[in-house]
Amino acid sequence: MNLTSTFAFRVRKALYGDKFLRTLSLNRTELFGFVEGKSVAIIGNARSLSDTSLGAEIDANQIVIRLNDAPLTSSKSHGQKTDWIAVAKRVSGHRLTLRGPSLLLWMPTKRKRLNWSIVSFAKFYLNETTRNKLLAEKLGAPPTVGLMVIDLLKQKQAKNITLYGFDFFASQSLSGSRTAEQVSHDFNSEREEVVSIVAADPRFRLVSSV
């Protein structure tokens, strides 16, 4: 990593905040253009997905979006394709190189953990804070990165959007060992929100893994 670029990024982020970060980000029109008319898969990190044989179906989508560390326990269950990664945390350069996404999305309202390695790895999109705040008010809790991505895709003209590996913490997460009680999200509210989206928008489909 270029240390000069890293230092310059930190200084400008501290001085100018989102005004600077948005100069590095794709705009909404550019981002939406990538998915127009395409089939999209969003891969949640539920442990229950590992017990399925959905990998080939996942990889058949034109754009496959994985979340945070993008765990992939086997090609049989998870597929191998990774086009985008949506993150709410720092992800190691090794993991990014391993998955090889063409686009990284920074989803949360907080920008503190957003670093140069994420911004400079591939095409980059900075999610809007306004929609996250509205989601948090609606749920009564901070939204997960998965729900933030679903909310973002609602605005796009994708052909269809299929959700895999979303069981709303019934089987916990492949990303850690914490229980639902140990995290800040309200999974009952998130389930209700996703079910409502799927019922209202025929482009969405939720594939059960439990």
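Described in the following lines is the structure provided in the data block. Bear in mind that the values here come from a model prediction, so they are computed numbers and not experimental data.

So, how was this worked out
Residues numbered from 1 in each chain as written. Predicted model: local features only at pLDDT ≥ 70, side-chain atom pairs only at ≥ 80, totals over all residues. Heavy atoms only, no water. Pairing = 2+ DSSP bridges. Helix = DSSP H or I, 4+ residues; strand = E, 2+ residues; numbered from the N terminus. Axes fitted to C-alpha atoms, helices over the stretch in contact; angles between N-to-C directions. Contact = heavy atoms within 4.5 Å. Salt bridge = Lys/Arg side-chain N within 4 Å of Asp/Glu carboxyl O. Buried < 20%, exposed > 50% of the residue type's maximum accessible area, 1.4 Å probe, protein only. Left-handed = near helix turned anticlockwise from the far one by under 90°. Nonpolar A, V, L, I, M, F, W, Y, C, P; charged D, E, K, R; others polar. Patch = residues over 30% accessible without salt bridge, like charges linked within 9 Å, V, L, I, M, F, W, Y side chains within 5 Å. Areas by Shrake-Rupley, 256 points an atom, 1.4 Å probe, with all protein chains shown as cover. Lys, Arg positive; Asp, Glu negative; His and termini not counted. Charge placed at Lys NZ, Arg CZ, Asp CG, Glu CD. Arc of directions from axis to C-beta. Polar contact = N/O pair within 3.5 Å; in protein donor to acceptor, adjacent residues only side chain to side chain.

## Digging into the sheet that holds strand β5 (residues 123-126)
Stage number 1. A sheet is described by the order of its strands in space; here seven strands give the open sequence β5-β4-β3-β2-β1-β6-β7, paired in parallel fashion. The open sheet has two free edges, formed respectively by β5 and β7 (204-206), since each of these has just one partner strand. Geometrically, the sheet is characterised by an average inter-axis angle of 20° between neighbouring strands, direction not taken into account.
Stage number 2. On top of the sheet, helix α9 (residues 145-153) reaches β1 (39-43), β2 (63-67), β3 (84-87), β4 (103-106), β5, β6 (160-164) and β7; it is set at about 150° to β2, its chief contact.

## Side note on the pattern of salt bridges
Stage number 1. Following the criterion strictly, the structure yields nine salt bridges and no others.
Stage number 2. A salt bridge links D18 to R111; the shortest N-O distance between them is 2.9 Å. Placement of the pair is D18 in helix α2 (residues 18-24) and R111 in the loop between β4 and α7 (116-121), with a sequence separation of 93 residues.
Stage number 3. Of the residues examined, D18 reaches a relative accessible area of 27% and is grouped as partly exposed.
Stage number 4. For the salt bridge of K154 with D151, the shortest nitrogen-to-oxygen distance reads 3.7 Å.

## Focus on the packing of helix α8 (residues 129-139) against α9
Stage number 1. Taken N-terminus to C-terminus, the directions of α8 and α9 make an angle of 115°; their axes are 11 Å apart at the nearest point. In this structure, α8 crosses over α9, and the sense of that crossing is right-handed. Each of R131, N132, L135 and L139 in α8 lies in contact with α9, whose residues at this interface are L147, M148 and D151.
Stage number 2. Looking at the contact of α8 with α9 residue by residue, the class counts come to four nonpolar, one polar and two charged.

## Some thoughts on a positive patch on the surface
Stage number 1. Together, R10, R90, K110, K112 and R113 make up a region of like positive charge exposed at the surface.
Stage number 2. Its place among the elements puts R10 in helix α1 (residues 3-16).

## So, helix α3 (residues 28-35)
Stage number 1. All of the buried residues along α3 are L31, F32 and V35. In a view along the axis of α3, the buried residues occupy a sector of 95°, so they form one face of it.
Stage number 2. Buried residues along α3 sit against β1, β2, β3, β4, β5 and α9.
Stage number 3. With a side-chain oxygen positioned 3.1 Å from the backbone nitrogen of T29, the residue opening α3 is N27.
Stage number 4. Just past α3, the residue G37 takes up positive phi, approximately 75°.

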